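The primary structure of each chain is shown beneath.
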Amino acid sequence: MTASQLALPSQDEDVAALRRLIVNKLAYSVGKDPIAARAHDWFLATALAVRDRVIERWMTSTRATKAEKKKRVYYLSLEFLIGRSLVDSLHNLGLTETMRTALGELGVDLEALRGLEPDPALGNGGLGRLAACYMESMASLAVPAHGYGIRYENGLFRQVIKDGEQQEFPDTWLEHRNPWEFERPEVAYPIGFGGSVEALAGNGGHAAIWRPAETVDAIAFDTPVVGWRGRHVNTLRLWSARAPDPLRLDTFNRGDHLGALAARGRAEAITQVLYPSDESEAGQELRLRQEYFFASASIQDLLRRHLETAPLETLPDCVAIQLNDTHPAIGVAEMMRLLVDVHQVEWEKAWALTQGVFSYTNHTLLPEALETWPVPLMERLLPRHMQIIYLINALHLDRLAEGGKTDPALLATVSLIDEHGPRRVRMGPLSFLGSHKVNGVSALHTELMKETVFRDFHALYPDRIVNKTNGITFRRWLHEANPGLTRLLVEVAGESVLDKAEGLEMLAAHSGDSALHERLARVRRANKEVLGGIIEERTGIRVDPDAMFDVQIKRIHEYKRQLLNILETVALYAAMRAHPTSDWTPRVKIFAGKAAASYHRAKLIIKLINDVAAVVNADATLRGRLKVAFLPNYNVSLAERIIPASDLSEQISTAGMEASGTGNMKLALNGALTIGTLDGANVEILERVGADNIFIFGMTAAEVEARRAAGIDMAETIAASPMLAQALEELRSGRFSPGEPDRYRSLVDDLTHRDYFLVSADFDAYASAQAEVAQRWRDPAAWWRSALLNIGGVSWFSSDRAVREYAEDIWNVPLAR
Ligand SMILES: *Cc1c(COP(=O)(O)O)cnc(C)c1O
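Just so you know, these numbers come straight off a predicted model, no measurement behind them. (Residues numbered from 1 in each chain as written. Predicted model: local features only at pLDDT ≥ 70, side-chain atom pairs only at ≥ 80, totals over all residues. Heavy atoms only, no water.)

Overview of the pairing of strand E2 (residues 145-150)
Here is step 1 of the chain: Summarising burial for E2: six of the six residues are buried, a large majority.
Here is step 2 of the chain: Residues of E2 alternate between two faces, with Ala145, Gly147 and Gly149 on one and His146, Tyr148 and Ile150 on the opposite face, all of them buried.
Here is step 3 of the chain: Where E2 meets strand E9 (residues 233-242), five bridges bridge the pair, whose relative direction is parallel. Counterpart to Gly147 in the pairing with E9 is Leu236. (Buried < 20%, exposed > 50% of the residue type's maximum accessible area, 1.4 Å probe, protein only. Helix = DSSP H or I, 4+ residues; strand = E, 2+ residues; numbered from the N terminus. Pairing = 2+ DSSP bridges.)

Structure representation (structure tokens):
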């Protein structure tokens, strides 16, 4: 079995043709002679050659969708964390090995080119990565779809660790031109802000004319998204802001050269930067401008496309719009404005059309992340939308009153306007009301949604909330990231598992096969050597590939509890010092993740991890049995390297706080065992892999709620746990921060008296689960058996399965079987 057999044998493509195409691209598109070409020129030429192969199929797909008048899905997301495209496109086209050979004949190494591609980080974390996985699965399932988002000039910041601290640098991913995109200067929509509104007499008195004070143009950039085996290609359309009048010549001619460019700077600021905050709202005016800018451009665009072939009345038969969180929620009001004011649709009819097309995915229950906007800001920036929201709200509350629901407390909780304190527009309720379906992203999260944020809405509209547990694309996260494991799985389960991941369930029948254990161990070991090289190169830390790689990779956030992990590491280190001759399981603790630039506590946690690493890694008495490494600049490319080399997956959030997680799925799919809480999709992973093959510990969501109600002072809890008490005392004493003994004092105080995330409360349970992990590691047959049961068990978490569920239950889009 060679790698080339992994994918479709290339049909009419041969090595010589591909080689000629690359050389042509190099000459005529990059403008370089092969003799003078640098590595980056080869990357561009290769990407452009691959793009040609994608375009042929793209046009066929688009033509077919149009001819067959298929229903289209529009996925609106402020973030698309797509990662690199070269290997992904090659893999889905079945061209990887043909390309490797063609490049080889030109003296160029495909793996080297792979590393040269910038990693587009147009998202913060899980939410943006989910959008990227769903785009890939929609293309693979031939669901006609467009992703709509923003083409940020600067993606998520590049993280550098200096003296153990995070530093942020701009991410200039567009510096050397982006070979995958097509600029469409002819696709431009005016986006208004501010100004005044004049009521109109017609259309039941509901229509108005909005005269914006300011207009910005949205320009489209299209990137083709090719599905598995190249069967279908969809479009990711990202918007860029341009000033309609880039240079004020009158101002320029008066000698004010900078002033002449001011309007341009203001307009283009809208798409300059991604907000680097995860799970919380920045609440800045620029953010609201971004949200309206991309929602308006997208809805104008999809209405134009629809009206080319069909009347407005058929909109819900032809269009489904998915809101990825509330960031595009202003689109509900924008749709109403376009229908009522521009297309003269009667209000009730327009509302039915709007609800017919929209649906909304909720991603978080964290109160600080539930989006609201101050009414005065809305009135100033989007005066017509504010009126529309008031009217939607008034009619909604009237309908409730007519149904006998007059309790003022109920009406206040289900109002679109939050009246506690300064008035704010609540975007979650706006999304709920404007949608025919609302979904959570794991079974637990969906149940909690019904009980908390949308409790009253759920009582009023009991059929609206559904669950769609997240998924990941196996093409990127298994085939491309872990070709060694993929080859092994194909040998055991057959070639068909590349198309139907559920086929991996048959691994259960082979979970006791010791020869298979050995081969799985060899694949893992090779991946760990590669990661070990990366760790040494990027941090200078040497690690033993035979040690357990214990991995926590995700955004740094208090609820994700990296703090629990590093505290247990401190305790383990103390135990190793106290009992140096015990037979300790060698471990490498691997961390990676970015903290929002303004999130001081998260940044302090990064510093703590690095402080602990410095002390532990320098302690020769440990004889290499414990190492701690913080890998800088976590992104999709780094995840693709870490995950196939992971033995243990840390999914240890405070129960009830992680909506789903998708990192948990990627790691289990690659055969890592999970240590985790009963949170998010961990609950469903447990159901599918079985309690013997996952290390579940800690409080349940209900126990967390009860503990918070009872009080979160942990002084007694700590006093009862000598291990935890010692670890906290070591932090407090400055053992890990000798130059600044006070560095962690306030952190320890919080863990002692204000432990909102229940780190102290869950510490002992976590430490004993970790002891169990060490125990299992000593029994390789048991370990690899569990690993196989994980790989097979989590095949359900494919984004193909998730997208199929959305298509059937939410979008009402037929699927080709
Ligand atoms: C999968 C992924 C995430 C989400 O990880 P969680 O563990 O679910 O929070 C974040 N960032 C990147 C780069 C990812 O690939």
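Some details on the nonpolar core
Here is step 1 of the chain: In this structure, Trp239, Phe293, Met335, Met378, Ile389 and Trp811 are the most contacted members of the largest nonpolar core, which totals 230 residues.
Here is step 2 of the chain: In this structure Met378 touches Leu288, Ile330, Trp373, Pro383, Met386, Ile389, Val425 and Met427, once residues within four positions along its chain are discounted.
Here is step 3 of the chain: Among the nonpolar cores identified, the runner-up in size contains 31 residues, and Val30, Ala47, Trp58 and Leu113 belong to it. (Core = buried A, V, L, I, M, F, W, Y, C linked by side-chain atoms within 4.5 Å. Contact = heavy atoms within 4.5 Å.)

Looking at the pattern of salt bridges
Close approach of charged atoms allows side chains of opposite charge to pair.
Here is step 1 of the chain: Applying the stated criterion across every chain, the model contains 59 salt bridges.
Here is step 2 of the chain: The partner of Arg587 in a salt bridge is Asp550, and the shortest N-O contact between them spans 2.8 Å. Of this pair, Arg587 sits in strand E18 (residues 587-592) while Asp550 sits in strand E17 (residues 548-553), and the two are 37 residues apart along the sequence. The residues Arg587 and Asp550 share a single accessibility class, namely buried.
Here is step 3 of the chain: Among the charged side chains, a network of salt bridges with common partners joins Arg184, Asp222, Arg237, Asp301, Arg304, Arg305 and Glu308. (Salt bridge = Lys/Arg side-chain N within 4 Å of Asp/Glu carboxyl O.)

Here's the deal with the confidence of the model for the chain
Here is step 1 of the chain: Of all residues in the chain, 98% have pLDDT values of 70 or greater, and the mean over the chain is 95.
Here is step 2 of the chain: Within the model, the stretch residues 1-12 combines pLDDT values under 50 with 23 contacts to residues more than four positions away or in other chains. (pLDDT = per-residue confidence, 0-100.)

Some thoughts on empty space enclosed by the protein
Here is step 1 of the chain: Within this structure, the stated rule accounts for seven cavities of 30 Å³ or more.
Here is step 2 of the chain: Here the largest cavity is characterised by a volume of approximately 730 Å³.
Here is step 3 of the chain: Elements that contribute at least two residues to the lining of the largest cavity include exactly helix H6 (126-140), helix H24 (636-642) and helix H25 (663-669).
Here is step 4 of the chain: With four residues, the single largest contributor to the lining of the largest cavity is H6.
Here is step 5 of the chain: Among the residues forming the lining of the largest cavity, the class breakdown is 14 nonpolar, 16 polar and 13 charged. (1 Å grid on protein atoms, 1.4 Å probe; cavity = no way out; pocket = protein on both sides within 12 Å on 5 of 7 lines; lining within 4 Å. Points joined across faces, edges and corners; volume = space filled by probe spheres on them. Nonpolar A, V, L, I, M, F, W, Y, C, P; charged D, E, K, R; others polar.)

Re the packing of helix H20 (residues 483-493) against helix H21 (residues 514-539)
Here is step 1 of the chain: The N-to-C vectors of H20 and H21 enclose an angle of 160°; their axes lie 9 Å apart at closest approach. In terms of their interaxial angle, H20 and H21 are classed as roughly antiparallel. The hand of the H20/H21 crossing is right-handed. On the side of H20, the interface is formed by Gly484, Leu485, Leu488, Glu491 and Val492, while H21 contributes Leu516, Arg519, Leu520 and Val523.
Here is step 2 of the chain: Considering only residue class, the contact of H20 with H21 consists of six nonpolar, one polar and two charged. (Axes fitted to C-alpha atoms, helices over the stretch in contact; angles between N-to-C directions. Parallel < 35°, antiparallel > 145°, perpendicular 65-115°, else oblique. Left-handed = near helix turned anticlockwise from the far one by under 90°.)

Description of the sheet that holds strand E10 (residues 319-324)
Here is step 1 of the chain: Read across the open sheet, the nine strands follow the order E5-E8-E9-E2-E1-E10-E11-E15-E16; overall the sheet is mixed. Of all strands in the sheet, those bounded by a partner on one side alone are strand E5 (182-193) and strand E16 (465-467). Across the sheet, the mean angle from the axis of one strand to that of its neighbour is 25°, orientation sign disregarded.
Here is step 2 of the chain: Where strand E1 (residues 72-76) lies against E2, four bridges are found, and the strand directions are parallel. Across the sheet, residue Tyr74 finds its bridge partner in E2, namely His146.

Focus: the site of the ligand
Here is step 1 of the chain: Around the ligand sit 14 residues, and of these Lys554, Lys560, Thr662, Gly663 and Lys666 come closest.
Here is step 2 of the chain: Here an oxygen atom of the ligand sits 2.7 Å away from a polar atom, N or O, in the side chain of Lys560.
Here is step 3 of the chain: Between the ligand and Thr662 there is a distance of 2.8 Å, counted from an oxygen atom to a backbone nitrogen or oxygen.
Here is step 4 of the chain: Contact with the protein chains removes 96% of the 390 Å² of surface that the ligand exposes when unbound.
Here is step 5 of the chain: Counting atoms within 2 Å of the grid points, the majority share of the ligand lands in the largest cavity.
Here is step 6 of the chain: Listing elements by their share of the shell around the ligand, those giving two or more residues are H24 and H25.
Here is step 7 of the chain: Its residues placed into classes, the shell around the ligand shows five nonpolar, six polar and three charged. (Near = heavy atom within 4 Å. Polar contact = N/O pair within 3.5 Å; in protein donor to acceptor, adjacent residues only side chain to side chain. Areas by Shrake-Rupley, 256 points an atom, 1.4 Å probe, with all protein chains shown as cover. Sits in = over half its atoms within 2 Å of the grid points.)

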